[in-house]
Structure formats: C-alpha cells, structure tokens
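# Examination of the molecular architecture
If you want the building blocks of each chain, they are given just below.
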Amino acid sequence: MTGRRFRFVKWTLRPDTEADAPRTVHRFRCVALDDHDDECGACSAACAEPGEAQGWASGHWRANPDHASFAGTVERPWVLWMDGPA
Ligand SMILES: [Zn+2]
C-alpha cells in the first residue's frame, strides 16, 4: 500500500469573466400553442446581442400574427474555480 496524501481545496462556482470564456447568448422561442395545445417551438439563433434575438421574435410574429408569446433565455458562462484550502 502506497502512502497517498490528499489536499482538500474549496471550489467556487462563479460567472466566467475570463477573456476566453464562452460568450453570453440570447435566444427567443415561440411558445404559441396550436389547436392541439402543442407549442410552436420555433427558436431564434443564439445571438450575441439581446436586440438581435428580439428582432427574430418580431419577425416571427409578423410572419405568424397569432404567434405572439415567447420565452426569452440568456445563457451566461460559469466556471468552477479553485478557491484555496477548504
Ligand atoms: Zn411560432
């Protein structure tokens, strides 16, 4: 049996603000229901700017005037960070 030493460290989950972090993305999804209560589900691309995703929603509504309900999501990068001894 070999002697092994373990060092306990504290990890903290925090927003990733490093230059190489994945970018924050904004999306809109159409949640309008059809006659069978099924969600449309059409979705914008992952947009770097919120206005870009909102523009998609406006365009989807113009093409489908009865689709006026959306879910907006913002996806931000987070990272587990070694934060010293436990
Ligand atoms: Zn729709």
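Residues numbered from 1 in each chain as written. Predicted model: local features only at pLDDT ≥ 70, side-chain atom pairs only at ≥ 80, totals over all residues. Heavy atoms only, no water.

### A closer look at the overall build of the protein chain
- Scanning the protein chain from terminus to terminus reveals one helix and four strands.
- Going residue by residue from the N terminus, the α and β elements of the protein chain occur as β-β-α-β-β.
- For the protein chain, the C-alpha radius of gyration of 21 Å lies well beyond 12 Å, the compact-globule estimate for 86 residues.
- Dimensions of the protein chain, computed from the C-alpha atoms along their principal axes, are close to 70 × 30 × 20 Å.
- Burial status across the protein chain gives 16% buried among its 86 residues.
- When contacts within the protein chain are restricted to residue pairs at least 6 apart in sequence, long-range pairs at least 24 apart make up 63% of them. (Helix = DSSP H or I, 4+ residues; strand = E, 2+ residues; numbered from the N terminus. Rg over C-alpha atoms; globule rule 2.2 N^0.38 Å. Buried < 20%, exposed > 50% of the residue type's maximum accessible area, 1.4 Å probe, protein only. Contact = heavy atoms within 4.5 Å.)

### Let's talk about the pattern of salt bridges
- What the rule picks out here adds up to three salt bridges.
- With its nearest N and O atoms 3.5 Å apart, the salt bridge here joins glutamate 75 to arginine 27. With a gap of 48 residues between them, glutamate 75 in strand β3 (residues 70-75) and arginine 27 in strand β2 (residues 25-30) connect regions that are remote in the sequence.
- The exposure class assigned to glutamate 75 is partly exposed, which follows from its relative accessible area of 45%. (Salt bridge = Lys/Arg side-chain N within 4 Å of Asp/Glu carboxyl O.)

### Here's the deal with the coordination of the zinc ion
- At this site the zinc ion is bound by Cys30 (SG), Cys40 (SG), His60 (NE2) and His67 (ND1), with donor distances of 2.0 to 2.4 Å.
- For the zinc ion, the four donor atoms in the first shell make angles of 106 to 114° at the metal, so the coordination geometry reads as tetrahedral.
- In primary sequence terms, the donor set of the zinc ion follows C-x9-C-x19-H-x6-H. Here the residue cysteine 30 occupies a position in strand β2, and cysteine 40 occupies one in the loop between β2 and α1 (50-63), the gap between them amounting to ten residues.
- Take cysteine 40: its relative accessible area is 33%, and that puts it in the partly exposed class. (Donors = N, O, S within 2.8 Å, 3.2 Å for Na, K, Ca; no water. Tetrahedral: all angles 85-135°; square planar, octahedral: opposite > 155°, others 65-115°.)

### Thoughts on the side chain of aspartate 16
- Inspection of the secondary structure assignment puts aspartate 16 in the loop between β1 (9-15) and β2.
- For aspartate 16, which is buried and forms no salt bridge, the nearest opposite charge comes from arginine 14, at a distance of 4.7 Å.
- Every residue in contact with aspartate 16, bar those within four places of it in the chain, is listed here: Ala21, Pro22, Pro77, Trp78 and Val79. (Lys, Arg positive; Asp, Glu negative; His and termini not counted.)

### Points about the environment of arginine 14
- Relative to the helices and strands, arginine 14 is located in strand β1.
- Excluding residues that lie within four positions of it along the chain, arginine 14 makes contacts with Trp78, Val79 and Trp81.

### A closer look at a nonpolar patch on the surface
- A surface patch of nonpolar side chains, amounting to about 590 Å² of accessible area, comprises Trp11, Leu13, Trp78, Leu80 and Met82.
- Listed by contribution, the elements that provide at least two residues to the nonpolar patch are β1 and β4 (78-85).
- Take the nonpolar patch: its biggest share by element is three residues, from β4.
- Among the secondary structure elements, methionine 82 is positioned in strand β4. (Patch = residues over 30% accessible without salt bridge, like charges linked within 9 Å, V, L, I, M, F, W, Y side chains within 5 Å. Areas by Shrake-Rupley, 256 points an atom, 1.4 Å probe, with all protein chains shown as cover.)

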